[in-house]
Amino acid sequence: MTVHTKRPPIVDCDVHPLVKGVESLFPYVSSSWRRHFETRGARMYARARDRYNHPNRTYRMDAVPDSGGPAGSDRDFTLEKHIAPYGIASALLLPQEPYGVTTWSDPMAAGAFCAGANDYFLDTWVNYDPRFTLAISVSPHDPHLAAEEIRRRGAEPGVVGVQLLLTEHMMGSRWFDPIYEAACDLTLPIVLHQSGNEGCYATSQGPAGGVPRSYGERHVVLTQVGAANVVDMIVNGAFERFPTLRVVMVEWGFSWLSSLVPRMDYLWDCDPGAAPLVLKRPSEYVAEHFTFTTQPLDEPDTRDELQSLFSIPNIDKMLLFSSDYPHYDTDDPDFVIKRIPEAMRSRVSFENAVDVFGDKILRSTH
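Quick summary incoming for the structure in this document.

Rules behind the numbers
- Residues numbered from 1 in each chain as written.
- Predicted model: local features only at pLDDT ≥ 70, side-chain atom pairs only at ≥ 80, totals over all residues.
- Heavy atoms only, no water.
- Helix = DSSP H or I, 4+ residues; strand = E, 2+ residues; numbered from the N terminus.
- Contact = heavy atoms within 4.5 Å.
- 1 Å grid on protein atoms, 1.4 Å probe; cavity = no way out; pocket = protein on both sides within 12 Å on 5 of 7 lines; lining within 4 Å.
- Points joined across faces, edges and corners; volume = space filled by probe spheres on them.
- Pairing = 2+ DSSP bridges.
- Core = buried A, V, L, I, M, F, W, Y, C linked by side-chain atoms within 4.5 Å.
- Buried < 20%, exposed > 50% of the residue type's maximum accessible area, 1.4 Å probe, protein only.
- Phe/Tyr/Trp six-rings, centres within 6.5 Å; stacked < 30°, edge-to-face > 60°.
- Axes fitted to C-alpha atoms, helices over the stretch in contact; angles between N-to-C directions.
- Parallel < 35°, antiparallel > 145°, perpendicular 65-115°, else oblique.
- Nonpolar A, V, L, I, M, F, W, Y, C, P; charged D, E, K, R; others polar.
- Right-handed = clockwise from strand over helix to strand, strands pointing away.

1. With respect to the side chain of asparagine 352
Alright, step 1. Position of asparagine 352 among the secondary structure elements: in helix α14 (residues 345–357).
Alright, step 2. When residues no more than four places from it in sequence are discounted, the contact partners of asparagine 352 are Asp316, Lys317, Met318, Leu319, Leu320 and Arg347.

2. Observations regarding empty space enclosed by the protein
Alright, step 1. Applying the stated rule across the entire model yields one cavity of 30 Å³ or more.
Alright, step 2. Taken as a whole, the largest cavity encloses approximately 70 Å³ of empty space.

3. So, the side chain of aspartate 129
Alright, step 1. In this fold, aspartate 129 is placed in the loop between α3 (107–126) and β3 (132–138).
Alright, step 2. Beyond its immediate chain neighbours, meaning those up to four positions away, aspartate 129 contacts Leu79 and Arg363.

4. Some details on the sheet that holds strand β6 (residues 247–250)
Alright, step 1. Pairing in this open sheet of eight strands is parallel, and the strands run β1-β2-β3-β4-β5-β6-β7-β8 from one edge to the other. One side of each edge strand has no neighbouring strand; the edge strands of this open sheet are β1 (10–15) and β8 (319–320).
Alright, step 2. Bridge count for strand β2 (residues 88–93) against β3 is three bridges, and the pairing is parallel. Paired with alanine 91 across the bridge in β3 is phenylalanine 132.

5. With respect to the nonpolar core
Alright, step 1. Tyr180, Ile190, Phe254, Leu257, Phe292 and Phe357 are the most contacted members of the largest nonpolar core, which totals 111 residues.
Alright, step 2. Per-element tally for this core: the top contributor is α3, with ten residues.

6. Side note on the packing of aromatic side chains
Alright, step 1. What the rule picks out here adds up to 15 aromatic pairs.
Alright, step 2. Judged by centre distance (5.8 Å) and plane angle (20 degrees), the rings of tryptophan 33 and phenylalanine 37 are stacked. Of this pair, tryptophan 33 and phenylalanine 37 are both found in helix α1 (residues 31–40), four residues apart, which corresponds to roughly one turn of the helix.
Alright, step 3. Residue classification places tryptophan 33 among the partly exposed residues on the basis of a relative accessible area of 21%.
Alright, step 4. Here phenylalanine 37 falls in the buried class, since its relative accessible area comes to 4%.

7. What about the packing of α1 against α3?
The description of two packed helices rests on the angle between their axes and on the distance between the axes.
Alright, step 1. For the pair α1 and α3, interaxial distance at closest approach is 11 Å and the crossing angle is 110 degrees. Looking at the two axes, α1 sits roughly perpendicular to α3. On the side of α1, the interface is formed by Trp33, His36 and Phe37, while α3 contributes Met108, Ala109, Ala112 and Phe113.
Alright, step 2. Of the residues that constitute the contact of α1 with α3, the class distribution is six nonpolar, one polar and no charged.

8. Quick word on the environment of glycine 100
Alright, step 1. Along the chain, glycine 100 falls in the loop between β2 and α3.
Alright, step 2. Here the alpha-carbon distance between glycine 100 and leucine 260, two residues 160 residues apart in the chain, equals 30 Å.
Alright, step 3. Not counting residues within four places of it along the chain, the set of residues in contact with glycine 100 comprises Arg43, Met44, Tyr45 and Ala46.

9. Quick notes on the packing of helix α9 (residues 257–270) against helix α10 (residues 282–289)
Alright, step 1. Orientation of α9 relative to α10, taken along the N-to-C sense of each, is 135 degrees, at an axis distance of 7 Å. By the angle class used here, α9 and α10 are oblique. Along its contact with α9, which presents Leu257, Val261, Met264, Asp265 and Trp268, the element α10 presents Pro282, Ser283 and Val286.
Alright, step 2. Of the residues contributing to the contact of α9 with α10, the split by class is six nonpolar, one polar and one charged.

10. So, the pairing of strand β5 (residues 190–193)
Alright, step 1. Residues Ile190 and Leu192 line one face of β5 and the alternating positions Val191 and His193 line the opposite face, and both faces are buried.
Alright, step 2. Summarising the sheet, strand β4 (residues 159–164) and β5 pair through two bridges and their orientation is parallel. Note on β5: the bridge partner recorded for valine 162 is isoleucine 190.
Alright, step 3. Handedness of the crossover joining β4 and β5 through helix α5 (residues 177–185) is recorded here as right-handed.
Alright, step 4. Here β5 pairs with β6 via four bridges, running parallel. Directly across from valine 191, in β6, lies its bridge partner valine 248.

Laid out in structure tokens, this is it:
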């Protein structure tokens, strides 16, 4: 492992491991579920590709392993090409195979598939190298079944969060209360990453104004879904029901906080009775319960505009580094961290991650 002495350790809060094929997961499900998936298939992607055809590829070509399979499917290649060169102390794995279950109609099958994926990545990645940590994935179709999965694997070494997949239910809905309760019991933050279903189906959330017409249009307005869920959790009292709940918003951006948070505070100050479940200023809930990742970091034209991104109140304590490896828009840690104000770099690199995930996020250094 390369040792970097000129900067603090890095926690990368968005690394996507993949499987070489769905059959890799079969040893981790029961024989009956294996027959089910072999017979009926298992859709492992959520985006409607006929609606939003990607203009190129979703992954970087240099992330395709020599051993074959899709980008991100070889743990040694990931360690050699991404983890070691940048001195990454911890890579939070957010598997994408479970994203497809958001389109399924069978809650039991979705739960079994997520459980098998969790077991696979714990066995083959997390147990292989301490620099890998995992947010276990849970299906949104049956919150009680999801809570059982959190309690089944949530205390395992290397498990640091719960990757919650979304369909039509907003995050402030009591639908998710069993999941939030289980996550809080095990001191695991909820990790929310777009699954690809957003704006694609009648049962998925979409941006304001209706369904986008193209991949580019969708990519521009997708942050609205993340912002809407932040507001929904606050206004609907999720953090009054679960005072210790933490939420990590991955790949939703963060620059929109500069307008969203003051607007929430202004409206609440004008008429707090209109939001009876909100017992303090909305900005306080944001600062106490949410963190956001750097990728995709906005790229304004001037340095002053760039620095204004980091003037959002409390952003120094809410921002986490993420690369989105191995996707085509992977952010280079060296490039991104140099763009962050020097006074914030250690917090963004690892301190904020330790605050939200606990010391276990740096298990490779223990």
